[in-house]
Amino acid sequence: MKALNVTRRSLLLGAGGAAVSPAVAMTYKQRMKESVVVVGAGVFGAWTAHHLQLAGHRVTLIDAWGPAHSRASSGGESRLTRAAYGRDAIYTRMAIDSLPQWQALSAVAGLPIFVPCGILFFFPTEEPYVRDSVAAHRQFDLPTDILSQAEMVRRFPMIDFNGISVGLYEPGFGALMARRSVLTLVERFVRAGGTYAKGCVQAPGGGGARLEEIRLSSGESIRADRFVFAAGPWLPKLFPDVIGPRIEPTRQEVFFFAPPAGDLHFLPGAMPGWADFNGGDIFYGFPDLESRGVKFAHDQHGAVVDPDTQDRRPTAAALAEIVAYRDRRFPALKGAPLTEARVCQYENSSNGDFLIDVHPAWGNVLLVGGGSGHGFKHGPEVGRYAAARLFGSAKAEPRFSLASKAEAHHREVH
């Protein structure tokens, strides 16, 4: 395997880490502890590789198509980062702890990765999700604004708040540039001495208490002390008996529309990232990030798909649904031309919780996945926890266990 052809500079920086001179980097490599292979260079795999590297391990990161490629759950332009999770305060904490790591990566990237546009959630009624989110925000001392309809109308005039009674505005959060962030993280991982390789990993097999090697479709085998599989929607294919239907990829469509010429209302800073809870039928979107257009998506899980073969062409029905919603909530965009459409997927665990657990037969293998449409923002903390869990230095979180995942799906995390 060959690493990416990246020119080393006089300083090697891990994302958000301290500067390392070439001499120190050589000493660092000589003291590396164990060899680890991370399969999957999406947001979970890249951050896991980064944290393993910071811990002093010799890490190889492998992906079949490349970091945040067009079929990956980590591909595309943008993701929300937010801390409102209702009663699921575990994700509030993870979002808070992930945010400074995103900010640090953004600070060293050539173009912004974190866009602090703020996040607005709005609701027809003050439902338990609102009260539970506010309680969690107070617990973590987050500066969150609770807004009335009149306050939202005044602050965000581009949105029609008819039928809305309460909003939660998180000024410290915003948008993440998805593909760019993963590419940047992997590039810096390589610059700091990590190895990245493109290769298609075959479903592992064999007996014993440990996995000794993985095989690529090229016929090459790679041995390591430990392995992390963070292969997103391909996890069920790699481990059909262990994971199988406990993680399901579902088809999701997103659309971008051009704002009126010269209109400043849809720029970050004026317009926030947002989610309309809409009586449980959630829509969400983004301001006009880097002139790509105003983004809209429906959070409802689509049809179960195969990530290798699903048709990536958007449907007229999904577009019509988004246009009808857009015209109702964002009347200034009525008639706005479609500038872009994308078909991607969620990789949903049975209940929406992440899967971060040791393989039931191989003690040196960690399974990481189940982003479930909300995982991207948590990448830094998933990576930190996964790296520690692989070596037994983190307490097992029951919600992330394989045992908590069923074959029947019932979404519980929003």
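Please read these numbers as outputs of a predicted model, since none were measured by experiment.

What counts and what doesn't
Residues numbered from 1 in each chain as written. Predicted model: local features only at pLDDT ≥ 70, side-chain atom pairs only at ≥ 80, totals over all residues. Heavy atoms only, no water. Pairing = 2+ DSSP bridges. Helix = DSSP H or I, 4+ residues; strand = E, 2+ residues; numbered from the N terminus. Axes fitted to C-alpha atoms, helices over the stretch in contact; angles between N-to-C directions. Contact = heavy atoms within 4.5 Å. pLDDT = per-residue confidence, 0-100. Phe/Tyr/Trp six-rings, centres within 6.5 Å; stacked < 30°, edge-to-face > 60°. Buried < 20%, exposed > 50% of the residue type's maximum accessible area, 1.4 Å probe, protein only. Lys NZ or Arg CZ within 6 Å of the ring centre and 35° of its normal. Parallel < 35°, antiparallel > 145°, perpendicular 65-115°, else oblique. Nonpolar A, V, L, I, M, F, W, Y, C, P; charged D, E, K, R; others polar. Polar contact = N/O pair within 3.5 Å; in protein donor to acceptor, adjacent residues only side chain to side chain. Expected span 1.5 Å × (residues − 1). Bend = angle between axes of the 7 residues up to and from the residue. 1 Å grid on protein atoms, 1.4 Å probe; cavity = no way out; pocket = protein on both sides within 12 Å on 5 of 7 lines; lining within 4 Å. Points joined across faces, edges and corners; volume = space filled by probe spheres on them.

Turning next to the sheet that holds strand E21 (residues 365-369). Strand order in the open sheet formed by six strands is E11-E4-E3-E14-E21-E20, and the pairing between neighbours is mixed. Strands with a single pairing partner mark the edges of an open sheet, and in this sheet they are strand E11 (195-198) and strand E20 (355-358). Neighbour-to-neighbour, the strand axes of the sheet open up by a mean angle of 15°, direction not taken into account. As paired strands, strand E4 (residues 58-63) and E11 are joined by four bridges and run parallel to one another. By the bridge assignment, Asp 63 is partnered in E11 with Lys 198.

Here we have eight strands laid out as an open sheet, ordered E8-E9-E7-E16-E17-E18-E15-E19, and mixed in their pairing. Both edges of this open sheet fall to strand E8 (145-148) and strand E19 (338-349), since each of them pairs with a single strand only. The sheet shows a mean angle of 20° between the axes of neighbouring strands, direction not considered. Sheet topology places strand E17 (residues 283-286) next to strand E18 (residues 294-298); four bridges connect them, and they run antiparallel. The partner of Phe 286 across the bridge, within E18, is Lys 295. Sheet strands in contact with helix H4 (residues 128-139) are strand E7 (119-123), E8 and strand E9 (166-170), and its direction is about 30° off that of E9.

Looking at the protein chain, the pLDDT average stands at 92 and 92% of residues meet or exceed 70. Across residues 1-30, where pLDDT falls below 50, the model places 45 contacts with residues more than four positions away in sequence or in other chains.

Let us look at the packing of aromatic side chains. Taken as a whole and assessed by the stated rule, the structure comprises 23 aromatic pairs. Here the aromatic rings of Trp 274 and Tyr 325 are separated by 6.0 Å at their centres, their planes lie at 15°, and the arrangement is stacked. Linking Trp 274 in strand E16 (residues 273-276) with Tyr 325 in helix H8 (residues 316-329), this pair joins segments that are 51 residues apart in sequence. Tyr 325 carries the same exposure label as Trp 274, and that label is buried. Within the aromatic cluster, the residues linked to one another by ring pairs are Phe 122, Phe 161, Phe 257, Trp 274, Phe 283, Phe 296, Tyr 325 and Phe 330. Across the ring face of Tyr 85, the terminal group of Arg 82 is positioned such that the distance to the ring centre comes to 3.9 Å. For Arg 326, the ring lying beneath its charged end belongs to Phe 257, and the centroid distance is 4.5 Å.

On to the packing of helix H3 (residues 89-108) against helix H6 (residues 178-191). In the contact formed by H3 and H6, the axes pass within 11 Å of each other and the chain directions differ by 75°. Considering the angle they form, H3 stands roughly perpendicular to H6. Facing Trp 102, Leu 105 and Val 108 of H3, the residues of H6 in contact are Ser 181, Thr 184, Leu 185 and Arg 188. Across the contact of H3 with H6, the residue classes tally to four nonpolar, two polar and one charged.

So, about the side chain of Gln 310. By secondary structure assignment, the location of Gln 310 is in the loop between E18 and H8. Within polar-contact distance, the side chain of Gln 310 engages the backbone oxygen of Cys 344 at 3.2 Å. Reaching out from Gln 310, the side chain makes a polar contact with the side chain of Gln 345 at a distance of 3.5 Å.

Okay, H3 next. The end-to-end C-alpha distance of H3 is 30 Å, a good match for the 28 Å that 20 residues give at a rise of 1.5 Å each. The principal kink in H3, of about 25°, is found at Ser 98, preceding the proline Pro 100 by one to four residues. All of the buried residues along H3 are Ile 90, Tyr 91, Thr 92, Met 94, Ala 95, Ser 98, Leu 99, Gln 101, Trp 102, Leu 105 and Ser 106. Considering only its buried residues, H3 is in contact with helix H2 (43-54), strand E6 (114-115), H4, strand E10 (174-177), H6 and helix H9 (379-390).

Moving on, we get to empty space enclosed by the protein. Across all of its chains, the model carries one cavity of 30 Å³ or more by this definition. As for the largest cavity, its lining consists of Glu 77, Ser 78, Met 177, Phe 256, Phe 286, Pro 287, Leu 289, Arg 292, Gly 293 and Lys 295. The residue inventory of the lining of the largest cavity, partitioned by class, reads five nonpolar, two polar and three charged.

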